Amino acid sequence: MSDVLLQAENVGIRFGGLQALEALDLTVRDKELCCIIGPNGAGKSTFLNVLTGTLRPTSGSVRFLGRDIAGLPLHRIARLGIARKFQIPSVFPSLSVEDNLKVARWGAPSPVRPVAELLELVALGNRAATLAGELAHGQKQWLEIGMALAIEPRLLLLDEPTAGMTPQETLATAEMLLRLKGEFSIVAVEHDIRFVRALNCETLVLHQGRRLRSGPFHDIETDEMVRDVYLGRR
Amino acid sequence: MPPKACLPACANASPVRPDAMDFVVTTLLNALTLISILMLVGLGLAISFGLMNVTNLAHGEFVTVGAFAVYFVQSIDGSFWLGLAAAPIAGAVVGCILEFAIIRHLYSRPVSTVLATWGVSLILQQGLELTFGLGAKPVTPPIEGTLDLFFTVYPAYRLILITIAALTLLGVVLLISRTSFGLDIRTVIQNREMAEGVGINTRRTYAIAFTFGAAIAGLAGGLVAPLAIVLPQMGVNYLANAFFVVIVGGVGSIGGLVAGSVFVGGLTSVLNYQISPSLAQAIVLLAAIVAVRLRPNGLFNGASR
Amino acid sequence: MIAGDRNWLLIFAACVALATIYPLIADGYQLTVIRDALIFGLFAASLDFFWGRTGILCFGHAAFFGIGGYIMALVTLNDAIPFASLLGIMGAVAGAAVVAAIIGYFLFFGGIRGSYFTIVTLAMGVICQQAAVSWSSVTGGDSGLIGIPPIEFDVGGLHVDLSQDLPSYIFVAAIVAVAVLTLWSISRGRWGTVLTAIQDNEVRAAALGHNAPLRLLVTFVLSAAIAGLAGALYVCMAGLVAPDLSGLLLSTEVIVWVAVGGRGTLLGPVLGAIFIQRAQQTISSFNPSLWPLLLGCVFVFVVIVFILPDGILSIYARLKVLFKGRRRAQ
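Predicted model, so just to flag it, every value in this text is computed and none were measured.

**Thoughts on the overall build of chain B**
Point 1. Looking only at helices and strands, one finds 11 helices and two strands in chain B.
Point 2. The N-to-C order of helical and strand elements in chain B reads α-α-α-α-β-β-α-α-α-α-α-α-α.
Point 3. Sequence separation of at least 24 residues holds for 76% of the intrachain contacts in chain B that already meet a minimum separation of 6.

Encoded structure:
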């Protein structure tokens, strides 16, 4: 159990009368890649918010390296080594691409990768001086991944990293993540099946705030019930 | 520069001296006077600042304009009540012009709104000074006597003020909860796009709501005129206090407005007996800031900012 | 954004050169006029350092100017205090910084930004002025305190005495130049870049490990400290301190100086302060109550004309666009 990085146990969230999440468990080991999938409204983003400590669960607990992170200020969570990529691309539009990465590095307790390397990693080497606000949508997403990498995370949480991307960009993003696999743990929330298939990793399927299935992706993919949910038959 | 700090309502002009036993009742009534005024002034701010997200720094001038309306009518006609009827009209006219000429063009530019409305406030202040001349304007209350309330003797006019304020607030609550216009306002506030989708003219609704808030502030100015020092610069204190009310109480509900008014008005009234008015103001400011730190969404509110 | 570091430095150098030769062509009175205007320019730069970089408007900045002024006055008027000038300046800077730190702590860590911040600082200004008026045993009430001696101190065997026009002009001009240059290098470097990031998207900046409230607080405190320094310098040059110095009118005037001069440029606000005060003196000589009226119009005008608040420094660019548009229309 020593290599457990993030452990969510019996997490439940109630918004007023609505049970948004119920009895969810998730264990992320060091340098592991895993995906959380599910149809719209399954509670994926809510669960991710709980995992990053921004939302305090009404029941259960989330521990990062054995420490309860619920309710910690955002910057403290980041300094513990949890990086996050938001669903809506959120870069700093009035700064250049290079400055965006610099700001990210400055936030880290001990940045390692130089800006030039980060630029190459996210395929923006020739756009360093461009204002981030002027980038294409997919490039913004990559820049944001680059910013998350800059803080040298132990754990990278990605909220729909391929939202709004073309199929080519989606696959390029998957390759980008596979290259990074093994450096740190990655949890990706997605509903694009092609992307998850390309990653081919441990997968948790959510449905209406509960665990539907979990296991390696090729097992999940062939599961009748998961198919039903995705095709809207249930 | 405003020559003297003029605190709202009960801080100045014939203070009601407490005597031993009736101290509590008198303090309570003084506080109630101030709370009433703050609620009326704060209502318009809760609409514009809290709900439309417009920072209107000329809101204090609605109060001033209302007070000057009473002074003006009383000086030519002699009737306070006629003046009091003119006060909300004057506030509404100024508010309507302001909304039409400036604010509606700046909904998406908050800092510009702050600067422009402050400019308007300066223009109005100097305009009033050039029109009516320097110095405080006398306004006499319609009733001079006091009323024996068993526990204490209290000026009758203040009791009338409290009653009118309470009735006005009740009217506003009914207007918002029972009429179709109130429904429009609530819809626009909750979801602007949706409101436009179902055919509500949001622009018009905003304009009317804003004007309405200005009218109520004008009424407050008219009511307070006999108690306060009527000066072109009197508005800024009401502005600051009304903003505290909205910030402390939180936006989006009459309950928040009442809570904020009770907090600011109550604290000010109680402190005014112990210490100098400006120190009392400073303490209220600090208390308001601390309250916001502890309850960022207001004392009475779950709505996010 | 500051358009081109080189251009900025060139303009800065030109201003310094102008300030250096000015004593050769000006008489003593003109020197003191510019000296006082420069102090207000420093005050404007202090507001711009905060407002320009964070996008958060402080509507009571004169409170810090006034606090600095009153502390300086009280220290230098007290015969029992040795090294009064230096201690006074330090006290003024520290006093303004402490008040800003207390208020800023509650606001920034309470999540107060934008309009809410503007309102609370406005109230702070109103209260400071009220306090200056009504705490008359200390502040001298409405009429303030008079007879504040000029700055005088010894540093490393050098005796500095600012009772004469020329030395006081040089002293002030040097402080303003150093302060503006320092603020500029802070705001274009790492500190300023992160502030811009926070202004763009505070949550994102926090998620990258930046303590946004703390950074805003430190910026605000620094801004207030410089405003306090300007206040301290001013009262020594003017020889008196009055409640107006912490008042709402000055708070709003400084906003106009920054807005007209060009928010975020630091140098523009200094120039804005000098030119607008020049205009104010001319106008007030006709009718003193005309100035606030005009100031109000300026506010509305600034908003309407300078839709993107780049101020004086962007007039050239605007004219270019305007003429191009004309030509195309013809």
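**Here's the deal with the sheet that holds strand β7 (residues 155-159) of chain A**
All names here are of chain A.
Point 1. Taken together, the six strands give an open sheet; going across it, the order is β6-β7-β8-β3-β9-β10, and neighbouring strands pair in mixed fashion. Edge positions in the open sheet fall to β6 (82-85) and β10 (210-216), since each of these has one partner strand only. Neighbour to neighbour, the strand axes of the sheet diverge by 15° on average, direction disregarded.

**Describing the interface of chain A and chain C**
Point 1. Between chain A and chain C, the residue contacts involve 19 residues of the former and 17 residues of the latter.
Point 2. Elements represented by at least two residues in the side of chain A that touches chain C include exactly α2 (74-80) and α3 (97-107) of chain A.
Point 3. At six residues, the largest contribution of residues to the side of chain A that touches chain C is made by α3 of chain A.
Point 4. For the side of chain A that touches chain C, the residue count by class is 11 nonpolar, four polar and four charged.

**Looking at the packing of helix α3 (residues 80-101) of chain B against helix α8 (residues 202-224) of chain B**
Residue and element names in this part refer to chain B.
Point 1. Taken N-terminus to C-terminus, the directions of α3 and α8 make an angle of 145°; their axes are 7 Å apart at the nearest point. Once α3 is placed against α8, the crossing between them reads as right-handed.
Point 2. Grouping the amino acids of the contact of α3 with α8 by side-chain chemistry returns 16 nonpolar, eight polar and one charged.

**Description of the sheet that holds strand β1 (residues 4-15) of chain A**
Residues and elements named next belong to chain A.
Point 1. Read from one edge to the other, the open sheet built from four strands follows the order β2-β1-β4-β5, with strand pairing classed as antiparallel. One side of each edge strand has no neighbouring strand; the edge strands of this open sheet are β2 (18-29) and β5 (67-68).
Point 2. Running over the sheet, helix α1 (residues 44-51) touches β1, β2 and β4 (59-64) and is turned about 125° from β1.

**Details of the confidence of the model for chain C**
Residues and elements named next belong to chain C.
Point 1. When pLDDT is averaged along chain C, the result is 86; 90% of the residues meet or exceed 70.
Point 2. When mean pLDDT is taken per element in chain C, helix α10 (residues 212-238) scores highest with 96 and helix α14 (residues 315-329) scores lowest with 54.
Point 3. The ipTM for the predicted assembly is 0.84, set against a pTM of 0.84.

**Regarding the arrangement of the chains**
Point 1. In this assembly, two pairs of chains are in contact, and the pair with the greatest number of contacts comprises chains B and C.
Point 2. Note that chain A does not reach chain B: the shortest distance linking a C-alpha of one to a C-alpha of the other is 12 Å.

**Observations concerning the environment of V93 of chain B**
Point 1. Along the chain, the position of V93 of chain B falls in helix α3.
Point 2. Along the primary structure V93 of chain B and R192 of chain B are separated by 99 residues, whereas in three dimensions their C-alpha atoms are 26 Å apart.

**Notes on the interface of chain C and chain B**
One widely used convention gives an interface's size as the accessible area the parts lose upon coming together.
Point 1. Taken together, the 41 residues of chain C in the interface contact 36 residues of chain B.
Point 2. The element that contributes the greatest number of residues to the side of chain C that touches chain B is helix α5 (residues 114-134) of chain C, accounting for 15 residues.
Point 3. Residue composition of the side of chain C that touches chain B, by class: 29 nonpolar, 11 polar and one charged.

**Side note on the packing of helix α11 (residues 248-261) of chain C against helix α12 (residues 267-286) of chain C**
Residue and element names in this part refer to chain C.
Point 1. The geometry of α11 relative to α12 is characterised by a closest axis approach of 7 Å and an angle of 120° between their N-to-C directions. Judged by the sense of rotation from one axis to the other, the crossing of α11 with α12 is right-handed. On the side of α11, the interface is formed by V256, W257, V258, V260 and G261, while α12 contributes G268, P269, V270, L271, G272, A273 and I276.

**Topic: helix α9 (residues 235-249) of chain B**
Residues and elements named next belong to chain B.
Point 1. The end-to-end C-alpha distance of α9 is 21 Å, a good match for the 21 Å that 15 residues give at a rise of 1.5 Å each.
Point 2. With respect to burial, α9 is a largely interior element, 15 of its 15 residues being buried.
Point 3. Following α9 by one or two positions, G250 adopts a phi angle in the positive range, close to 85°.

**A short note on helix α7 (residues 165-188) of chain C**
Residues and elements named next belong to chain C.
Point 1. An ideal rise of 1.5 Å per residue puts 34 Å on 24 residues; α7 measures up with 34 Å between its terminal C-alpha atoms.
Point 2. Those residues of α7 that sit buried are S168, Y169, V172, A173, V176, A179, V180, L183, W184 and S187.
Point 3. Those residues of α7 that are buried are in contact with α1 (5-25), α2 (28-54), α8 (190-200), α10 and α12.

Parameters and conventions
Residues numbered from 1 in each chain as written. Chains lettered and ligands numbered in written order. Predicted model: local features only at pLDDT ≥ 70, side-chain atom pairs only at ≥ 80, totals over all residues. Helix = DSSP H or I, 4+ residues; strand = E, 2+ residues; numbered from the N terminus. Contact = placed C-beta atoms within 7 Å. Pairing = 2+ DSSP bridges. Axes fitted to C-alpha atoms, helices over the stretch in contact; angles between N-to-C directions. Nonpolar A, V, L, I, M, F, W, Y, C, P; charged D, E, K, R; others polar. Left-handed = near helix turned anticlockwise from the far one by under 90°. pLDDT = per-residue confidence, 0-100. Expected span 1.5 Å × (residues − 1). Buried ≥ 20, exposed ≤ 12 C-beta atoms within 10 Å, placed from the backbone.

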